[in-house]
Structures are given as structure tokens and as C-alpha cells.
Amino acid sequence: MANIRNIVILTGAGISAESGLRTFRAEDGLWEDHRVEDVATPEAFIRDPDLVQRFYDARRAGVQEAQPNPAHEALARLDSQWDDELLIVTQNIDDLHERAGAGRVLHMHGEALSAWCTACNARHRWLATLADGPACPSCGTAAMRPDIVWFGEMPYRMEEIFAALARADLFVSIGTSGAVYPAAGFVQQAGAHGARTMELNLDRSQGSHWFDDTRLGPASVLVPQWVDDLLGG
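Residues numbered from 1 in each chain as written. Predicted model: local features only at pLDDT ≥ 70, side-chain atom pairs only at ≥ 80, totals over all residues. Heavy atoms only, no water.

Going by what an unreviewed UniProt entry lists, the protein is known as NAD-dependent protein deacylase and is assigned to Croceibacterium atlanticum. In the Function (unreviewed entry) part of its UniProt record, the protein is described as follows: "NAD-dependent lysine deacetylase and desuccinylase that specifically removes acetyl and succinyl groups on target proteins. Modulates the activities of several proteins which are inactive in their acylated form." Regarding the protein, the relevant UniProt record gives this comment under Sequence similarities (unreviewed entry): "Belongs to the sirtuin family. Class III subfamily." (UniProt positions renumbered as here; feature names shortened; annotations may be inferred.)

Structure below.
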């Protein structure tokens, strides 16, 4: 660990589950009692925009009610104390990393508290409903949608992520299933460039065999322990 300088951390739904936010897809294939295909694709938005807007209104409200847990707080502490390169890439649409105090955060799947105007391409922090068709503050057009990457759309800032993975000495995956690409392939990308790889998860992910080290348990326990070890070492 003495040779570790640049760190990339990937976080998934498991890190926010202990803050009361349900994981993305349950064993029955549903997300918050909806078929993913009905609420998380561009086709679903075209077919039934009211349903999709109401669904994300509920997600937006839930994010605002949730609070950061010790795992978020530990990563924020690492962010504040790590002098070398660090990037927290999150698949989560909540802002719990930021509210815990982390600054070097990249939301590859978008943010629940952001609205995107498809008419003028502006993005606005948004805490209220989108179901009533509000006008875009920038252009006045009622073309606002959740600023979320849906299935079939390209995740945000992929070039930046791949560049960070190529420079990483250590890649750590926290609370991810290893089932959703391209994030599931990050461990192979980092490993191919010589990074050590570590998985902190409640259960082994689908890509667990790609990691050099796997530690199993709640994120609220494992992450603070790992950060203590890293900073102490």
C-alpha cells in the first residue's frame, strides 16, 4: 500500500442501501415495484411520460429524506485527507457522497436532484416535481426530464473515467452487483493497467473473480475500516 498514489473508487447501490435507499433491481426484477423497462428507458418516457416523471419524483423525494451513513462519511474523510489523485465514480443518483463532504465525485448515471432540458440542453438543480411539466428556467420550454442515464443511453463522462482507471494504482468497488456494464468492466480495465483491485461488498459480485482482494460485510463497517487502514498506513 505504500506505493499507492492514485485511487479510483466505484460505488453502487449497496453503499446507499444502509441509508434507506433501495437497491436498483430486486431479485424479482422490479425497481420500486415497477418493471425497469417501464420507468428507466427512453422508450418508456415516450410511451408514458407521466408515469416516468411520477416515478422519479418519488426517487427525488426519497433522496432528500435519506442521510449519509458511515460509509459515505469515511469516503469523504479519505477525499479530504488524500493528497494524491482520487476519483469517486458513483452509479448512484443520490447526493449522499456530496452531503457527507466528498468533492471528487463523478455521477456516471446522472443525479436525482438535477433536471435536464432536452430543448436547450441546460441542466438545473431540481428539488420539486417534474410531473406538472415545469418550464425550463433557461429557455422557458416545457421539455424537462430527469437528468438520469436510462438503459440504452451512454453513461456520463466515460472518457474521464477510463483515463482515471488507466492512471490508478488502486481500484476499489463498493456495494456493486457487477451486473451492469460498463461499470462492471472497470475492474478489468484497471487491472489491465497494473492497478491492484479490491471489492468491498455485502456479497460477492458477479465479477468477484476479477478482484485481487474481496472483503464481505456491510459497507458501513467495511469502508471505515479500509479507510482507517489506508490513511493509517
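From this point on, the discussion continues.
### Examining the nonpolar core
The biggest cluster of nonpolar side chains holds 25 residues, and the ones touching the most others in it are Ile9, Leu75, Ile174, Val223 and Trp226. Looking at this core, the elements with two or more residues in it are strand E1 (7-11), helix H5 (70-81), strand E4 (86-90), strand E9 (170-174), strand E10 (196-201) and helix H9 (219-232). When residues in this core are grouped by element, the largest group, six residues, is from H9. The residues touching isoleucine 174, leaving out its near neighbours within four places in the chain, are Ile9, Leu10, Thr11, Gly12, Ile15, Leu75, Leu200, Ala219 and Val223. (Core = buried A, V, L, I, M, F, W, Y, C linked by side-chain atoms within 4.5 Å. Buried < 20%, exposed > 50% of the residue type's maximum accessible area, 1.4 Å probe, protein only. Helix = DSSP H or I, 4+ residues; strand = E, 2+ residues; numbered from the N terminus. Contact = heavy atoms within 4.5 Å.)

### Thoughts on the pattern of salt bridges
Summed over all chains, the structure comprises 12 salt bridges. Among the ionic pairs, aspartate 57 bridges to arginine 60, the shortest N-O distance being 2.6 Å. Highlighted residues: aspartate 57 and arginine 60, both in helix H4 (residues 49-65), separated by three residues, approximately one helical turn. There is no split in this pair, since aspartate 57 and arginine 60 are both buried. Its salt-bridge partner being arginine 77, residue aspartate 228 comes within 2.7 Å of it at the nearest N-O pair. Highlighted residues: aspartate 228 in helix H9 and arginine 77 in helix H5, separated in sequence by 151 residues. For aspartate 228, a relative accessible area of 42% puts it in the partly exposed group. Overlapping salt bridges, with partners in common, bring together Arg35, Glu37, Asp38 and Arg47 in one network. (Salt bridge = Lys/Arg side-chain N within 4 Å of Asp/Glu carboxyl O.)

### Focus: the UniProt feature "active site" (unreviewed entry) in the protein
What UniProt calls "active site" (unreviewed entry) maps, in this numbering, to His109. Within the secondary structure, histidine 109 sits in the loop between strand E5 (105-107) and strand E6 (110-117). If we ignore the near neighbours within four places in the chain, the residues touching histidine 109 are Thr90, Gln91, Ile93, Asp147, Ile148, Val149 and Pro155.

### Section: the domain arrangement of the protein
Once the domains are mapped, the protein shows domain 1 (1-20 + 69-109 + 155-233) and domain 2 (22-65 + 113-148). The C-alpha-based centres of domain 1 and domain 2 are spaced at 26 Å. Taken together, the contacts link nine residues of domain 1 with 10 residues of domain 2. Counting each side, the surface lost to burial between domain 1 and domain 2 is near 790 Å², with a carbon and sulfur contribution of 59%. Inspection of the region where domain 1 meets domain 2 yields three residue pairs in polar contact (both at pLDDT 80 or more). Of the residues that constitute the side of domain 1 that touches domain 2, the class distribution is four nonpolar, two polar and three charged. (Domains from an automatic or database assignment. Buried area = accessible area lost by both parts, 1.4 Å probe. Polar contact = N/O pair within 3.5 Å; in protein donor to acceptor, adjacent residues only side chain to side chain. Nonpolar A, V, L, I, M, F, W, Y, C, P; charged D, E, K, R; others polar.)

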